[in-house]
Each structure stands twice: as C-alpha cells, then as structure tokens.
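If you want the building blocks of each chain, they are given just below.
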Amino acid sequence: MKVVVAGTGYVGLVTGVALAKIGHNVTCVDIDSKKIALMQKGISPIYEEGLEELMVENAKRLSYTVDYKKAYKDADVIFIGVGTPERSDGSANLDYVYEVCDNIAESIVHDCVVVIKSTVPIGTNDKVEEYLRSRVEDGIFISIASNPEFLAQGTAVRDTLYASRIVVGTEDKYAKDIMREIYYPLTQEPYNVPYLEMSRRSAEMVKYASNDFLALKISYINEVSNFCEIIGADIEDVTMGMSYDKRIGNKFLNPGIGYGGSCFPKDTKALHYLSCEYDSEFKTIKACIDVNKHQKLHLFNKLKETYGNLNMRNMDIAILGATFKPGTDDLREASSIDNVKALIDYGCSVTVYDPVGLERFKKIFGDKIKYATTIDECIKDKDITMIMTEWDTIKNYDINNYINLMRTPVIYDGRNCYKLEDIEKYPIKYVSIGRKEINKL
Ligand code: UGA
C-alpha cells in the first residue's frame, strides 16, 4: 500500500514516521523545500523527543518530497495533516486543507482514501468529499475518512504509537477496510491501541469535544485556584482531595497562567464559533475562553496590585520559560508573550531565559528585551523573577541562587514549580498560583 502524508508539522510528520515504524512505505509531502531538504538528511524540522531517532531508524521506508504530483499520483491513502489556523473571527481556516485537495485532484490516477487528520469543523469531511469527487477524473473513486489526532507536543511520538485510542470515521466499506489495514499493527502487541469506528461527523466531534473538555478542566481549576487565593485554601491540597474521586482523576488539574499552544486556544474558539453558526451557542466553552484570557495575565495582575504602576516602571524583570509548555520550542499562544508585552508596556526591562525557545522569542520581541542562555545570567541583578514554563531546569534550580544572584529575591511563579515547605526555608518572597504567599524578606 502506498501511503502519503501531506504536511510535515507536528501531526503530519509524526504520523508519517509512526506509520513507517509499523511497516508502511510513507512519502511525506510539504511545500517548504527547506524543511524537505532537512528531513532528507534525517533532521527533524521540529523539536520532538524521539522523532529524529525514528526517522533514521525507518529511513528506508520514508521519503520526503515537494513533488506532490508524483507523490499523490498512485497513492492508495493520503493523510492530510496540514494546519487549520484560527481566523480573526475564531473560525478555522481550511485553506491549506483545500489546497492539498486541489493538488490531489489534479494528480491522482486511481481510487484512493483521503484521511483528514487535521482538526476540522464538524461537517468538513462531507464537504471535502463532495469537493474532491467533483474535481477528480471520471471513474476514480475517492473516499474520505476522518481520523483525528490526539498527540500532545513534547510526547508526540509516544502518544501516536501508544495512543489512548484511534478514532476512525468512515461512510463506506472501502475506506473502513483500508483504515483497518493501515492501523492493524497498532492494535496488536506491544501497542494494543483501542480502535474505534464511527461516522465521520462523530469522529470530527470527538476531537473538539475532547480538546475542549480538557481546556474546560484547566479553566475550571484555574478559577478554583484563584478563589483559593481569596479564601485562603491551598489549591494543591484541594486538587489532591478531588483526585481521589476516580470520576475526576488527577490529570489536567494543574493551575497556572492559562493554557496555550496551537490546539486548545484554536479549538475552543472554533467550536464556539461553529455552535453560534448553528444558533446554539456553547456557553461552557465561551466561559472557558474568557477565563483563559484573564488567567494568562493573572500573575502580572498580582504583580501590578502589589507594586503599582509607578513602582514597576524601570524594574528589572527576569522571565524563566517562554514556550507554551515544557518539551517543545513552540511559542504559539504562550502566556509568556502576553506577560512580556504587558511588562514592556509598563516600562519594565525584561530578560528572558528558555532552554529551547529563545530563537523564536527573538523573532517576536527583537531588541525590545534581553535574552539569557542560563538561568543564572537571566536572574542576575533582577528585582523580580517570573516563572512562565515549568521546564525541569527551572524546577530543579537551586533556590539559593535566587538569593545570591538577584537584587531582591522575589519570585512570581506561574507554574507552581517549588514546594511551599522548601521555599519557606529561605529569605525570599514567593508568590504562586492558588497557594499562600510567602514573604520572608
Ligand atoms: C493538546 C491535547 O493535550 C492533545 O490531546 C491534542 O491532541 C492536542 O492538543 C492537539 O489538538 O493537537 P498540546 O497542545 O500539545 O496537546 O498540549 P497540552 O499538554 O494539552 O497543554 C496545553 C496547555 O495547557 C499548555 O499551555 C499547558 O501548560 C496547559 N495545561 C495543561 C495547564 O495549564 N494545566 C494542566 O493541568 C495541563
């Protein structure tokens, strides 16, 4: 079976490499020739643990090309894994998906299953099928399957091979059989991934409902956490107490400075937009989006409350962590961006440290801020340190260094990186999320 993957971002490339790992011959197509050249040398254009090793290990079953015509021509299955970014009104932009469809239509010479992995609004698979069928040559049968992706950045390879589930939405036996054949190895030892079949609309909805549920969980716990600060409860005790109820569980209950990344912000807005289009607004999702917007600046607002506009002017602030979460160099919708913008507007001088995200951060802020390659260098002579991402290098950092290196050892921790009982041993001021403030200065 000839398998092609269109798009080599987090979803496309990881899917392609995983399919090669389970024995398929896979051609990865992208319009970016620089990315293709890198991958041809066995280099991954994205930072993802274990990916490059798998690219090398399965090199004989993997090829990379910009020549989509040749790739799609005699493909049996084409996975579409291109981006569906957010438009300014919150709806999903499907231009890249349709661009791939146009390319498939002009290239394909025999029957083919086109699998949509990109996150698309409910009903898109039906529309894409109609679109493609009206454009391919007579006699060629195209069937569309919906196969949403559930990988998280930073653990993408593991999340794909040892997936929580494979969801496949089809409307005909042809696509159903091909999809079963493709994924058969993943349903067996050692992977044993549950394989779920349903209609395409249900599969599309599974993706949004799952992501938006997780985003809701985060916004909910952030609100609980903010209220804990007001009433004097400790969020960590509260979440521990909640988590013993198996129906609640202990995952995705970490409070912080809001969710970021390329998925939750976009997928909450897209589902909300779609529900409004059907005149059936998702009120829970609307609340989730609003809470997250405020939460991103929760730490900054606490700082402002304490120091006021005037005192903050000319303050030297260290920012530890720039990416939207650890394990990735992705800055999309990262809370660090909102906080740094707000600090600059208040006239603060900002220095940022991140183990992998600095180059991308420089593209956003240029010489408006300073950049440090170590935590020591970042916090040296600063008035306040703000923690934005819970990288291990930050969590394991020696607390003594804040005292020795900073002008005043004041930490505003947006990711609760340190235990309060540890912090209490030091002469520092420590403000975190949903926990009591410690001031031993
Ligand atoms: C998310 C989902 O977790 C994946 O299942 C999904 O496949 C993916 O979106 C997607 O649609 O492609 P991802 O965006 O990589 O994955 O990252 P997450 O680990 O879910 O984190 C998202 C944001 O939530 C981060 O900013 C993180 O800091 C925040 N978060 C997460 C919290 O604030 N608290 C938590 O308890 C968990």
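Draft legend 1. The arrangement of the overall build of the protein in detail. Helix and strand content of the protein: 19 helices and 15 strands. Its C-alpha radius of gyration of 24 Å places the protein within 12% of the 22 Å reference for a compact globule of 441 residues. Taken along the three principal axes of its C-alpha coordinates, the protein extends 75 × 45 × 40 Å. The 441 residues of the protein split such that 55% are buried. Long-range contacts, defined as pairs at least 24 residues apart, comprise 70% of the intrachain contacts of the protein with a sequence gap of at least 6. On the protein, the mean spot of the 55 positive side-chain charges and the mean spot of the 65 negative ones are 2 Å from each other.

Draft legend 2. Structural context of the pattern of salt bridges. Under the defined criterion, the tally for this structure stands at 31 salt bridges. Across the pair Arg200 and Asp126 runs a salt bridge whose closest N-O atoms are separated by 3.0 Å. Of the two residues, Arg200 sits in helix α9 (residues 200-231) while Asp126 sits in helix α6 (residues 124-133), which places them 74 residues apart along the sequence. A residue is classified by how much of its surface remains accessible, and Asp126, at 25% relative accessible area, is partly exposed. As a salt-bridge pair, Lys286 and Asp290 come within 2.9 Å of each other at their nearest N and O atoms. Pair noted here: Lys286 and Asp290 are both in helix α12 (residues 283-295), with a separation of 4 residues, about one helical turn. Taking the relative accessible area as the measure of exposure, Lys286 reaches 34% and is therefore partly exposed. Taken together, the shared-partner salt bridges connect Asp126, Glu129, Arg133, Arg200 and Arg201 into one network.

Draft legend 3. Expanded view of the sheet that holds strand β14 (residues 429-431). Here 7 strands make up an open sheet; going across it, the order is β11-β10-β9-β12-β13-β14-β15 and the pairing mixed. A single partner strand is all that each edge strand has here, and the edge strands are β11 (370-372) and β15 (438-439). Direction of pairing for strand β10 (residues 349-353) relative to β11: parallel, over a ladder of 3 bridges. Considered in β11, the bridge of Val352 is made with Tyr371. Contacts between helix α14 (residues 335-345) and the sheet are confined to β9 (316-320), β10 and β12 (384-387), with β10 contributing the most and set at about 160 degrees to the helix.

Draft legend 4. Structural view of the nonpolar core. Membership of the largest hydrophobic core comes to 40 residues, with the highest contact counts inside it found for Phe79 and Tyr183. With 7 residues, helix α1 (residues 10-21) is the largest single contributor of residues to this core. When near neighbours in sequence (up to four residues on either side) are disregarded, Tyr183 contacts Leu19, Phe79, Lys117, Asn147, Ile166, Val168 and Tyr195.

Draft legend 5. Local environment of the domain arrangement of the protein. The assigned domain composition of the protein is domain 1 (2-197), domain 2 (207-294) and domain 3 (296-439). For domain 2 and domain 3, the distance between their C-alpha centroids amounts to 23 Å. Facing 21 residues of domain 2, the contacting portion of domain 3 comprises 19 residues. When domain 2 packs against domain 3, close to 1600 Å² is buried across both sides, 50% of that on carbon and sulfur atoms. For the pair domain 2 and domain 3, the interface holds 2 salt bridges. Between the two partners, domain 2 and domain 3, sit 15 residue pairs in polar contact (both at pLDDT 80 or more). Among the elements of the structure, α9, α10 (235-243), α11 (264-277) and α12 are those that each provide at least two residues to the side of domain 2 that touches domain 3. Here the side of domain 2 that touches domain 3 is built from residues that sort into 7 nonpolar, 9 polar and 5 charged.

Draft legend 6. Highlighting the site of the ligand. In the vicinity of the ligand there are 19 residues, among which Phe150, Leu151, Gln153, Lys207 and Asn211 approach most closely. Here an oxygen atom of the ligand sits 3.1 Å away from a polar atom, N or O, in the main chain of Phe150. For the shell around the ligand, the element with the highest residue contribution is α9, accounting for 3 residues. Per-class residue counts for the shell around the ligand are 10 nonpolar, 4 polar and 5 charged.

Draft legend 7. Representation of the side chain of Thr323 within the structure. If you trace the backbone, Thr323 turns up in the loop between β9 and α14. In terms of polar contacts, Thr323 uses its side chain to reach the backbone carbonyl oxygen of Lys325, at 2.8 Å. Among all residues touching Thr323, those that are not within four sequence positions of it are Thr328, Asp329, Asp330, Leu331, Ala334, Asp354, Gly357, Thr389 and Trp391.

Draft legend 8. Examining the packing of α11 against α12 more closely. Here α11 crosses α12 at 145 degrees, and the two axes come no closer than 9 Å. The crossing of α11 and α12 is left-handed. In contact with Thr268, Lys269 and His272 of α11, α12 contributes Ile285, Lys286, Cys288 and Ile289. Classifying every residue of the contact of α11 with α12 gives 3 nonpolar, 2 polar and 2 charged.

What counts, and at which threshold
Residues numbered from 1 in each chain as written. Predicted model: local features only at pLDDT ≥ 70, side-chain atom pairs only at ≥ 80, totals over all residues. Heavy atoms only, no water. Helix = DSSP H or I, 4+ residues; strand = E, 2+ residues; numbered from the N terminus. Rg over C-alpha atoms; globule rule 2.2 N^0.38 Å. Buried < 20%, exposed > 50% of the residue type's maximum accessible area, 1.4 Å probe, protein only. Contact = heavy atoms within 4.5 Å. Lys, Arg positive; Asp, Glu negative; His and termini not counted. Charge placed at Lys NZ, Arg CZ, Asp CG, Glu CD. Salt bridge = Lys/Arg side-chain N within 4 Å of Asp/Glu carboxyl O. Pairing = 2+ DSSP bridges. Axes fitted to C-alpha atoms, helices over the stretch in contact; angles between N-to-C directions. Core = buried A, V, L, I, M, F, W, Y, C linked by side-chain atoms within 4.5 Å. Domains from an automatic or database assignment. Buried area = accessible area lost by both parts, 1.4 Å probe. Polar contact = N/O pair within 3.5 Å; in protein donor to acceptor, adjacent residues only side chain to side chain. Nonpolar A, V, L, I, M, F, W, Y, C, P; charged D, E, K, R; others polar. Near = heavy atom within 4 Å. Left-handed = near helix turned anticlockwise from the far one by under 90°.

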